[in-house]
Amino acid sequence: MAISFDEVAVGTELPAQSFPVTRATLVQYAGASGDFNPIHWNEKFALEVGLPDVIAHGMFTMAEAVRVVTDWVGDPAAVVEYGVRFTRPVPVPNDGVGAVIEVTGKVAALLDDRRVRVDLVATSGGQKVLGMSRAVVQLG
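Thresholds, definitions, all that
Residues numbered from 1 in each chain as written. Predicted model: local features only at pLDDT ≥ 70, side-chain atom pairs only at ≥ 80, totals over all residues. Heavy atoms only, no water. Helix = DSSP H or I, 4+ residues; strand = E, 2+ residues; numbered from the N terminus. Buried < 20%, exposed > 50% of the residue type's maximum accessible area, 1.4 Å probe, protein only. Contact = heavy atoms within 4.5 Å. Lys, Arg positive; Asp, Glu negative; His and termini not counted. Charge placed at Lys NZ, Arg CZ, Asp CG, Glu CD. Pairing = 2+ DSSP bridges. Axes fitted to C-alpha atoms, helices over the stretch in contact; angles between N-to-C directions. Core = buried A, V, L, I, M, F, W, Y, C linked by side-chain atoms within 4.5 Å. Phe/Tyr/Trp six-rings, centres within 6.5 Å; stacked < 30°, edge-to-face > 60°. Arc of directions from axis to C-beta.

With respect to the overall build of the chain
Right, on to step 1. Secondary structure summary: the chain contains 3 helices and 5 strands in total.
Right, on to step 2. Counting helices and strands in the order they occur from the N terminus, the chain gives β-α-α-α-β-β-β-β.
Right, on to step 3. Taken over the C-alpha atoms alone, the chain extends approximately 50 × 30 × 25 Å along its principal axes.
Right, on to step 4. Expressed as a percentage of the 140 residues in the chain, the buried residues total 39%.
Right, on to step 5. Considering only contacts in the chain between residues 6 or more positions apart, those separated by 24 or more positions represent 67%.
Right, on to step 6. Counting 11 positive and 16 negative side-chain charges, the chain places the centres of these two groups 6 Å from one another.

If you want it as structure tokens, here you go:
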């Protein structure tokens, strides 16, 4: 069932979600995206360049965050605009557990043409990993 513009208001909260990230996830994403930068898979290299550990791809983190919006609206094509600032990397330890990206969202503005702006908050390890994470969504 599609979300109707008439059913939402500023402050409407989207269902929060948690996305696990393991080293295997990073290898799969590297294969799908073609981004084989060693900071995403080589712990020795990541440490040598000053990172705390292997880190998740920024575009992977961004994609996981917008899933909160696409799952809520029911149609990925309803997202007409999306942008973020990468504020902090998501370290993914090689401990069999990895990391978790926690995402919340809420309707921040009602726009023209039955569109809304959704602001997202993405954290990992208690730290904000995306800033200015906003999606404009076309509602029915």
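Some points on the sheet that holds strand 4 (residues 115-124)
Within a sheet, neighbouring strands are paired by backbone hydrogen bonds and run either parallel or antiparallel to one another.
Right, on to step 1. Reading across the sheet, the 5 strands line up as 1-3-4-5-2 and stay open at both edges, with antiparallel pairing between neighbours. Each having just a single partner strand, strand 1 (13-21) and strand 2 (79-86) make up the two edges of the open sheet. If you compare each strand with its neighbour and ignore which way they point, the axes differ by 20° on average.
Right, on to step 2. For strand 2 and strand 5 (residues 127-138), the ladder comprises 6 bridges, and the chain directions are antiparallel. Within strand 5, the position partnered with Phe86 by the bridge is Leu130.

Overview of the nonpolar core
Right, on to step 1. One finds Val69, Trp72, Val116, Val118, Val137 and Leu139 to be the most contacted residues of the largest nonpolar core, which totals 35 residues.
Right, on to step 2. Secondary structure elements with two or more residues in this core: strand 1, helix 3 (58-73), strand 2, strand 3 (99-110), strand 4 and strand 5.
Right, on to step 3. Filtering out sequence-adjacent residues up to four positions away, Val69 remains in contact with Leu14, Val79, Val118, Leu120, Ala135 and Val137.

Some details on the packing of aromatic side chains
Right, on to step 1. Applying the stated criterion across every chain, the model contains 1 aromatic pair.
Right, on to step 2. Judged by centre distance (5.4 Å) and plane angle (70°), the ring pair of Tyr29 and Phe60 falls under edge-to-face. Separated by 31 residues along the polypeptide, Tyr29 in helix 1 (residues 23-33) and Phe60 in helix 3 bring together distant segments of the chain.
Right, on to step 3. Given the relative accessible area of 21%, Tyr29 is considered partly exposed.

Topic: the side chain of Ser4
Right, on to step 1. Within the secondary structure, Ser4 is located in the segment before strand 1.
Right, on to step 2. Ignoring sequence-local partners within four residues, the contact set of Ser4 consists of Arg114, Leu139 and Gly140.

Regarding helix 1
Right, on to step 1. Listed as buried for helix 1 are Arg23, Thr25, Leu26 and Ala30. Viewed end-on, helix 1 has its buried residues packed into an arc of 150°, placing them on one side of the element. Exposed and oriented more than 90 degrees from the buried face of helix 1 are Gln28 and Ala32.
Right, on to step 2. Those residues of helix 1 that are buried are in contact with strand 1, helix 2 (43-48) and helix 3.
Right, on to step 3. The positive-phi residue at the C-terminal boundary of helix 1 is Gly34, with phi of around 80°.

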